[in-house]
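Topology and contacts: notes
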Protein chains: 2
Amino acid sequence: MSYDVAIVGMGAAGLQAAISSSRKKARTVVLGRPEDSALYGAEVENYFGVPRTSGKELLRTGMEQAESFGAELRQEDVIEMSKSEGGFKLLSDMGTEIEAKALIVASGIMRKKLNIPGEKELFGKGVSYCASCDCNFYKGKPVAVIGAGSEAAVSAELMTHYASKVYWVAAELDASEGLREKALKAGAELVSSPPKEIGGDDKVSRLTLEDGSELEVNGVFIELGARSTTDMAMDLGVMPTPEGEIKVDKDFSAGVEGVYACGDITGKPWQVAKAAGEGGVAGERAAKYARGL
Amino acid sequence: MSYDVAIVGMGAAGLQAAISSSRKKARTVVLGRPEDSALYGAEVENYFGVPRTSGKELLRTGMEQAESFGAELRQEDVIEMSKSEGGFKLLSDMGTEIEAKALIVASGIMRKKLNIPGEKELFGKGVSYCASCDCNFYKGKPVAVIGAGSEAAVSAELMTHYASKVYWVAAELDASEGLREKALKAGAELVSSPPKEIGGDDKVSRLTLEDGSELEVNGVFIELGARSTTDMAMDLGVMPTPEGEIKVDKDFSAGVEGVYACGDITGKPWQVAKAAGEGGVAGERAAKYARGL
């Protein structure tokens, strides 16, 4: 099947890109699964113009919008990308072959996991990978921030403004001294034993450490950084950074003609607004490129 | 009054910046009037996750969100900006003096007006300054696109995919030849007499030209480009482009320490999603800068 614009990723960035691209009358297809978006399972209250809602609801509406403007949605995973004569060729896990003149990589990132018991089961129920997204849901409650780097330090500091108590769980501190001092001065309590298990019925109530001690917390923020899901783009000549991000210019071109990137994969902050905003521009640019305007 | 972050402009960009900045625990103030936002009076259907709604509704919700996170909203116009010891000083038309460590310019742009009878009265009722925003509302209806440049050519071409008939009203064509040919080949009909008056009861029904002829249209797209509203930022050392845009880097810094810009003022496309997305990043960056994180 042949399109003007193919979009890989069915989250906020990919769906906004589809809305903008199809409104620009580019034949547009989106490949991916909404449940792989970081938005799925999230509560959102910091997206301009939208009262507190669920990520699922935003995704559902976004899918309807994209389809209403003529974009085709295929809930399939892309497993191969290559260049072709007319642009790009994609292969999905369901065997679908897609050709497109322009390609938008909007497949997000995967937060690095701790891989301890309870982490997966309690995700969205007290386990979070983004303090700046979820801070406000933990007003007056005790939380743990796990991670040794500067991002964990910033998150620990931020959470002192919301939580009743902040444990900063970091075996070997790796954060810059300034940020470290700021977090500690703000009241975060450093804990040096590694985390072992997240516990709680239905929602987080405790974090057990390797040394056997237990922290009574309602939130566990895992701040270990990110891993990219789009090594495939390298096959097109796109060079991700060591952090797995794709550098883009102001038109969201990924440095290879006809390839665009948007959303979490272009870097922090991980916000719905940023993802959608980048998707909107990338969608317009890709549509113009594909249609020769 | 003294703040961490002052935001000039109360549209999508300014309000999303306020949401993100105040969630990062920066003391935040927004100055401006929502009715000066391009969003006010617009219908919006291309914003990820939001079913078709009015710009007024988005602005109202955005204002509530910003206030709920602690941002202060002042419906006053900034009439003077200057540098001060601790950052920046603003003066409003109501005599309020504001000091802030960081400044976000989110005051948008003003679309260039034709200044003919009916233009103001029928704005939002068939008169539009953004074809790519409003194209879909004119399906199967006759429209006129007014403007001689390349942007008008692109808009005329786009509208041929929606409208039943597209008159491209341009006295002296200034568009690049490729884009001109594309618009004409797509079916736009060139009209060379200048526009004189937009007519209709309650909504647009006709465009009268200088030569006395009348075009029966339901939509009039005025595509003359933009004029900046933020010459004031020049007093801080920010250098707008000849088009009145403010160039920003990927952190939305405007090239002067502590000054950020976001939204329509940073350039096209003029979209709610782009404005909010840029505001979200600018708000985080400004908050981090002001709080020394």
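1. Observations concerning the state of the cysteines
- One pass over the full model with this rule turns up two disulfides over all chains.
- Here Cys130 of chain A is linked by a disulfide to Cys133 of chain A, with a sulfur-sulfur distance of 2.1 Å. A torsion of 70 degrees about the S-S bond marks the disulfide between Cys130 of chain A and Cys133 of chain A as right-handed.
- By relative accessible area, which is 10% here, Cys130 of chain A ends up buried.
- Looking at Cys135 of chain A, it has no disulfide partner, and the nearest cysteine sulfur is the one in Cys133 of chain A, 8.3 Å off.
- A residue is classified by how much of its surface remains accessible, and Cys135 of chain A, at 0% relative accessible area, is buried.
- In this structure Cys262 of chain B is not part of a disulfide, and its nearest cysteine sulfur, from Cys133 of chain B, lies 17 Å away.

2. Quick look at the pattern of salt bridges
- Following the criterion strictly, the structure yields 38 salt bridges over all chains and no others.
- In this structure, the salt-bridge partner of Arg23 of chain B is Glu45 of chain A, at a minimum N-O distance of 2.5 Å. Highlighted residues: Arg23 of chain B in helix H1 (residues 12–23) and Glu45 of chain A in the loop between strand S3 (43–44) and strand S4 (53–54), drawn from two different chains.
- For Glu45 of chain A, a relative accessible area of 10% gives the class buried.
- Linking Arg60 of chain B and Glu57 of chain B is a salt bridge whose minimum nitrogen-to-oxygen distance equals 2.7 Å. On the criterion of helical spacing, the pair formed by Arg60 of chain B and Glu57 of chain B is a turn pair, its members being three residues apart in helix H2 (residues 55–68).
- Residue classification places Arg60 of chain B among the partly exposed positions, given a relative accessible area of 41%.
- Glu57 of chain B sits in the partly exposed class, given a relative accessible area of 33%.

3. Comments concerning the sheet that holds strand S12 (residues 165–169) of chain B
Residues and elements named next belong to chain B.
- Pairing is parallel across the open sheet formed by five strands, whose spatial order is S10-S17-S11-S12-S13. Taken across any chain shown, the strands that pair with only one partner, and hence form the sheet edges, are strand S10 (127–128) and strand S13 (189–191).
- Taken together, the four bridges between strand S11 (residues 142–146) and strand S17 (residues 219–222) define a ladder with parallel strand orientation. Among the inter-strand pairings, Val145 is bridged to a residue of S17, identified as Phe221.
- Strands S11, S12 and S17 of the sheet are contacted by helix H4 (residues 150–160), whose axis makes an angle of about 170 degrees with S12.

4. Focus: the domain arrangement of chain A
Residue and element names in this part refer to chain A.
- Segmentation of chain A into domains returns domain 1 (2–110 + 226–290) and domain 2 (113–222).
- Domain 1 and domain 2 are separated by 31 Å when their C-alpha centres are compared.
- The interface is formed by seven residues belonging to domain 1 together with nine residues belonging to domain 2.
- Here domain 1 is connected to domain 2 by one salt bridge.
- The salt bridge partner of Lys268 is Glu151, with a shortest N-O separation of 3.2 Å.
- Counting the contacts that link domain 1 with domain 2 gives two residue pairs in polar contact (both at pLDDT 80 or more).
- When its residues are assigned to classes, the side of domain 1 that touches domain 2 shows two nonpolar, one polar and four charged.

5. Section: the confidence of the model for chain A
- With 99% of its residues at a pLDDT of at least 70, chain A reaches an overall mean of 93.
- Two summary scores accompany this predicted model of the complex, namely pTM at 0.85 and ipTM at 0.83.

6. Describing unusual backbone geometry
Residue and element names in this part refer to chain A.
- At the junction of Lys268 and Pro269, the peptide bond is cis and its omega measures out at -5 degrees in the coordinates.
- Secondary-structure assignment places Pro269 in the loop between strand S19 (259–261) and helix H6 (272–291).
- Positive phi, normally seen in glycine, also occurs at Asn115, with a value near 60 degrees.
- Mapped onto the secondary structure, Asn115 falls in the loop between strand S9 (109–111) and strand S10 (127–128).
- Positive phi outside glycine occurs at Phe252, with the angle close to 65 degrees.
- With respect to the helices, strands and loops of the structure, Phe252 is situated in the loop between strand S18 (226–228) and S19.

7. What about a negative patch on the surface?
- There is a patch of like negative charges on the surface, built from Glu80, Glu97, Glu99, Asp231 and Asp235 of chain A.
- Examined against the element boundaries, Glu97 of chain A turns out to sit in strand S8 (residues 97–105).

8. A closer look at the side chain of Glu278 of chain B
- Mapped onto the secondary structure, Glu278 of chain B falls in helix H6 (residues 272–291).
- Dropping the residues within four chain positions of it, Glu278 of chain B is found in contact with Phe252, Cys262, Gly263 and Thr266 of chain B.

9. Concerning the relation of the copies chain B and chain A
- Expressed as a screw operation, the relation of chain B to chain A combines 0.0 Å of axial shift with a rotation of 180 degrees, fitting to an RMSD of 0.0 Å. Here the symmetry operator amounts to a two-fold rotation axis. In terms of proximity to the rotation axis, the leading residue of chain B is Gly277 of chain B, whose C-alpha is 2.1 Å off the axis.
- Residue by residue, 100% of the interface of chain B is reproduced at the interface of chain A, so both copies engage with the same surface.

10. Digging into the pairing of strand S2 (residues 28–31) of chain B
All names here are of chain B.
- Here S2 shows no split at all, with Thr28 and Val30 on one side and Val29 and Leu31 on the other all buried.
- For strand S1 (residues 2–8) and S2, the ladder comprises four bridges, and the chain directions are parallel. Counted as the bridge partner of Val5 is Thr28 from S2.
- Relative to strand S5 (residues 72–74), S2 is paired through three bridges, and the arrangement is parallel. Bridging from a neighbouring strand, Leu31 pairs with Arg74 of S5.

11. A look at the environment of Met10 of chain B
Residues and elements named next belong to chain B.
- Within the secondary structure layout, Met10 lies in the loop between S1 and H1.
- On the accessibility criterion, Met10 (2% relative accessible area) is buried.
- Between the alpha carbons of Met10 and Glu119 there is a distance of 24 Å; along the sequence they are 109 residues apart.
- Each residue touching Met10, except ones within four places of it in the same chain, is listed here: Leu15, Val30, Leu31, Gly32, Arg33, Pro34, Ser37, Leu59, Met63, Leu73, Arg74 and Gln75.

12. Description of the side chain of Asn46 of chain B
- Residue position: Asn46 of chain B is located in the loop between strand S3 (43–44) and strand S4 (53–54).
- Leave out the neighbours within four places in its chain, and Asn46 of chain B touches Gln16, Ile19, Arg23 and Gln65 of chain A.

Reading guide: rules and limits
- Residues numbered from 1 in each chain as written.
- Chains lettered and ligands numbered in written order.
- Predicted model: local features only at pLDDT ≥ 70, side-chain atom pairs only at ≥ 80, totals over all residues.
- Heavy atoms only, no water.
- Disulfide = S-S within 2.5 Å.
- Buried < 20%, exposed > 50% of the residue type's maximum accessible area, 1.4 Å probe, protein only.
- Salt bridge = Lys/Arg side-chain N within 4 Å of Asp/Glu carboxyl O.
- Helix = DSSP H or I, 4+ residues; strand = E, 2+ residues; numbered from the N terminus.
- Pairing = 2+ DSSP bridges.
- Contact = heavy atoms within 4.5 Å.
- Axes fitted to C-alpha atoms, helices over the stretch in contact; angles between N-to-C directions.
- Domains from an automatic or database assignment.
- Polar contact = N/O pair within 3.5 Å; in protein donor to acceptor, adjacent residues only side chain to side chain.
- Nonpolar A, V, L, I, M, F, W, Y, C, P; charged D, E, K, R; others polar.
- pLDDT = per-residue confidence, 0-100.
- Patch = residues over 30% accessible without salt bridge, like charges linked within 9 Å, V, L, I, M, F, W, Y side chains within 5 Å.
- Areas by Shrake-Rupley, 256 points an atom, 1.4 Å probe, with all protein chains shown as cover.
- Lys, Arg positive; Asp, Glu negative; His and termini not counted.
- Charge placed at Lys NZ, Arg CZ, Asp CG, Glu CD.
- Least-squares fit on C-alpha atoms with pLDDT ≥ 70 in both.

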